[in-house]
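Structural description and commentary
One letter stands for each residue in the lines below.
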Amino acid sequence: MTRPAPQLAPPPRSLRVPTPRALVGPTAAGKTEASVALAGRLGAEVVLVDSMTVYRGMDVGTAKPSVADRASVPHHLVDLADPAEPFSVAGFQRLARVALLSIADRGRVALLVGGSGLYFRAVVDELSFPGTDPGTRRRLEAEARALGPERLHARLRASDPEAAGRIDPGNARRTVRALEVAAITGKPFSAYRRGWDRYPSDRVRAAGVIVEPEALRRRIDARVRAMLQGGLIEEVRALRAEGFGPFLTSSRAIGYLEVAEHLDGRLDAGEMEGRIARRTRELARRQMAWFRRDPRMRWFRVGEEGAASAVDEIEEYLRG
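The structure reproduced in this document is the subject of the present report. Not measured: the values here are computed from a predicted model. For every chain, the first residue of its written sequence is number 1, and the numbers climb from 1 along that sequence. A pLDDT threshold of at least 70 governs which residues receive local features in this predicted model, and a stricter bar of 80 or more applies before side-chain atom pairs are shown or counted, although totals over entire chains, interfaces and linings include all residues. In computing side-chain properties, one takes all heavy atoms of the structure into account and sets aside hydrogens as well as water.

With respect to the overall build of the protein
We count a stretch as a helix when DSSP gives it H or I for four or more residues in a row; a strand needs E for two or more, and each element gets its number in order from the N terminus. Looking only at helices and strands, one finds 13 helices and six strands in the protein. We compute the radius of gyration over the C-alpha atoms and compare it with the globule rule, which gives 2.2 Å times the number of residues raised to the power 0.38. A compact globule built from 320 residues would reach a C-alpha radius of gyration of about 20 Å, and the protein, at 20 Å, matches this within 12%. Across its three principal axes, the protein shows a C-alpha extent of roughly 55 × 50 × 40 Å. Relative to its full complement of 320 residues, the protein shows a buried share of 50%. Contacts are assigned to residue pairs with any non-hydrogen atoms lying within 4.5 Å of each other. Of all intrachain contacts in the protein linking residues separated by at least 6 positions in sequence, the fraction that spans at least 24 positions is 77%. Here the open area of atoms and residues is found with the Shrake-Rupley method and a 1.4 Å probe, where only the protein chains shown may cover a residue. Split by element, the accessible area of the protein, about 15,400 Å² in all, is 50% carbon and sulfur. For the purpose of counting charges, residues Lys and Arg are taken to be positive, whereas Asp and Glu are taken to be negative. His and the chain ends are not included. For this purpose, a charge sits on NZ of Lys, CZ of Arg, CG of Asp or CD of Glu. Counting 52 positive and 41 negative side-chain charges, the protein places the centres of these two groups 5 Å from one another. Note on classification: 1.4 Å probe, protein chains only; a residue is buried when its accessible area is under 20% of the maximum for its type, exposed when over 50%, partly exposed between these limits.

A few points about the pattern of salt bridges
What counts as a salt bridge is simple: a side-chain nitrogen of Lys or Arg found within 4 Å of a carboxyl oxygen of Asp or Glu. According to the stated counting rule, one finds 26 salt bridges in the structure shown. Between Asp 264 and Arg 266 there is a salt bridge, with its nearest N and O atoms 3.5 Å apart. Among the charged side chains, a network of salt bridges with common partners joins Arg 41, Asp 312, Glu 315 and Arg 319.

Some remarks on the pairing of strand S2 (residues 44–48)
Among the five residues in S2, five count as buried, and that is most of the element. Covered by surrounding structure in S2 are Ala 44, Val 46 and Leu 48 together with Glu 45 and Val 47, the residues of both alternating faces. Strand direction decides the pairing type here: S2 and strand S4 (residues 109–114), joined by five bridges, are parallel. For Ala 44, the partnering residue across the bridge sits in S4 and is Val 109. Following DSSP output, two strands are said to pair if at least two bridges run between them.

A short note on the environment of Ala 22
Relative to the helices and strands, Ala 22 is located in strand S1 (residues 21–24). Separated by 119 residues in the primary sequence, Ala 22 and Glu 141 have C-alpha atoms spaced 38 Å apart. Residues contacting Ala 22, with those up to four places away along its chain left out, are Leu 111, Leu 112, Phe 120, Val 204, Arg 205, Ala 206, Ala 207 and Leu 318.

Regarding the side chain of Thr 280
For Thr 280, the position within the fold is in helix H12 (residues 269–292). Residues contacting Thr 280, with those up to four places away along its chain left out, are Thr 27, Ile 220, Val 224 and Ile 254.

Observations regarding the sheet that holds S1
The pairing of strands in a sheet comes from backbone hydrogen bonds and takes either a parallel or an antiparallel form. Ordered by their spatial adjacency, six strands build an open sheet running S3-S2-S4-S1-S5-S6, and the pairing between neighbours is parallel. Of all the strands in the sheet, just strand S3 (75–76) and strand S6 (297–302) have a single pairing partner and so form its edges. Across the sheet, helix H4 (residues 117–124) touches S1, S4, strand S5 (205–211) and S6, and the angle it forms with S4 is around 160°. Together, S1, S4, S5 and S6 form the strand contacts of H12, whose direction differs from that of S6 by roughly 140°. Angles shown run from 0 to 180 degrees and are taken between the N-to-C directions of axes, each axis being a line fitted to C-alpha atoms and, for helices, limited to the stretch in contact.

Some words on helix H1 (residues 31–42)
Each helix should span, by expectation, one fewer than its residue count multiplied by 1.5 Å. End to end, H1 covers 15 Å across 12 residues, agreeing with the expected 16 Å (1.5 Å per residue, within 8%). The set of residues buried in H1 consists of Lys 31, Ala 34, Ser 35, Val 36, Leu 38, Ala 39 and Leu 42. Against S1, S2, helix H2 (67–72), S3, S4 and helix H13 (311–319) lie the buried residues of H1. Two residues or fewer past H1, Gly 43 is found with a positive phi of approximately 65°.

A short note on unusual backbone geometry
Backbone geometry places Ala 63, a non-glycine residue, at a positive phi of 55°. Along the chain, the position of Ala 63 falls in the loop between S2 and H2. On the basis of relative accessible area, Ala 63 is assigned to the partly exposed category, the value being 23%. Although it is not a glycine, Leu 77 adopts a positive phi angle of roughly 65°. By the element assignment, Leu 77 lies in the loop between S3 and helix H3 (89–105).

With respect to empty space enclosed by the protein
Here a cavity means grid points, on a 1 Å grid over the protein atoms only, where a 1.4 Å probe fits yet cannot get out; a pocket means an open set of points with protein on both sides within 12 Å along at least five of seven lines; lining residues are those with an atom within 4 Å of a point. Grid points are joined across faces, edges and corners, and a volume is the space filled by probe spheres set on the points. A complete count under the given rule lists one cavity of 30 Å³ or more for this structure. Taken as a whole, the largest cavity encloses approximately 50 Å³ of empty space. The set of elements that each furnish at least two residues to the lining of the largest cavity consists of H3 and S4.

Looking at the nonpolar core
One finds Phe 92, Leu 112, Phe 120 and Ile 314 to be the most contacted residues of the largest nonpolar core, which totals 82 residues. Considering every element that reaches this core, the biggest residue donor is H3, with seven residues. Not counting chain neighbours up to four residues away, the residues in contact with Ile 314 comprise Leu 23, Leu 38, Ala 207, Val 209, Phe 300 and Ala 307. Only buried Ala, Val, Leu, Ile, Met, Phe, Trp, Tyr and Cys residues count toward a nonpolar core, and they belong to the same one when joined by side-chain atoms within 4.5 Å. Grouped together as the second largest cluster of nonpolar side chains are 13 residues, Ala 144, Ala 164, Val 176 and Tyr 192 included.

A look at H13
Among the residues of H13, those classed as buried are Val 311, Ile 314, Glu 315, Tyr 317 and Leu 318. Viewed along the axis of H13, the buried residues span an arc of 165°, placing them on a single side of the element. Across from the buried face of H13, at angles greater than 90 degrees, the exposed residues are Asp 312 and Glu 316. In the core, the buried residues of H13 are packed alongside S1, H1, S4, S5 and S6. In this description, one arc is meant: the one made by directions from the helix axis to the C-beta atoms.

Shown next as structure tokens:
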């Protein structure tokens, strides 16, 4: 199943491209349908900013744009890696920068589309993502298990109080990550966060979609039912037959984890559907929390029809 990872060109010093446009918002807001219409009107190519559509074979559960959508409008940063491959936001950032340059070379506009605030900011802003070292990570994780996360957090507080102040003392994963970065780079973890508080207005022109809460809940419930009826269970079966297991980050994705537990007999069909819907609603809230912090967003409120109902207004704004 594993294929060679995509080759990463060195990231350019600056984007040197026309200001990208963006359509962002919570999952199930109808961004995909609206983005295809917008791209056609704007002469744009779509750049997906999503942490799960990068994986090949994970189509139904990630609501990946259809083959027809991708045939009508060029889409970038989709199907980049097998689910068993490690894939990082730093790698995504490099590939996104290359994609933006190639789109500009063709005289086209880039339309960023997605719900991942982290991946969105990785593309449009000059953020640094330090690497990892498996040996250092394993050593720190062993210490966290032996000593407890609070002891490691106290060590972080002594060396990097700014980072410690942002991390709950009981959160072993984030504490380990902060100490790992300091160990392998020689710089405090907090040094890599300072750019996060800056939102340069010339880096993107972004439209955000707000769906009324009850309408979004109904859209999420309908999407979950459609995924389960449209082959999600069969998709997970096929992935598991090729080594898709619980140790992979990709296997923890919403829908995939619940279906795997259902196939293992730990959830019945109703529990599986309910848990997928609940986790999707929680994801939507986190996504909106990310995007609401960004002052560059121009928000468009929509109802049951989703983002497609506001395409005219969004197009007018994105044309600038």
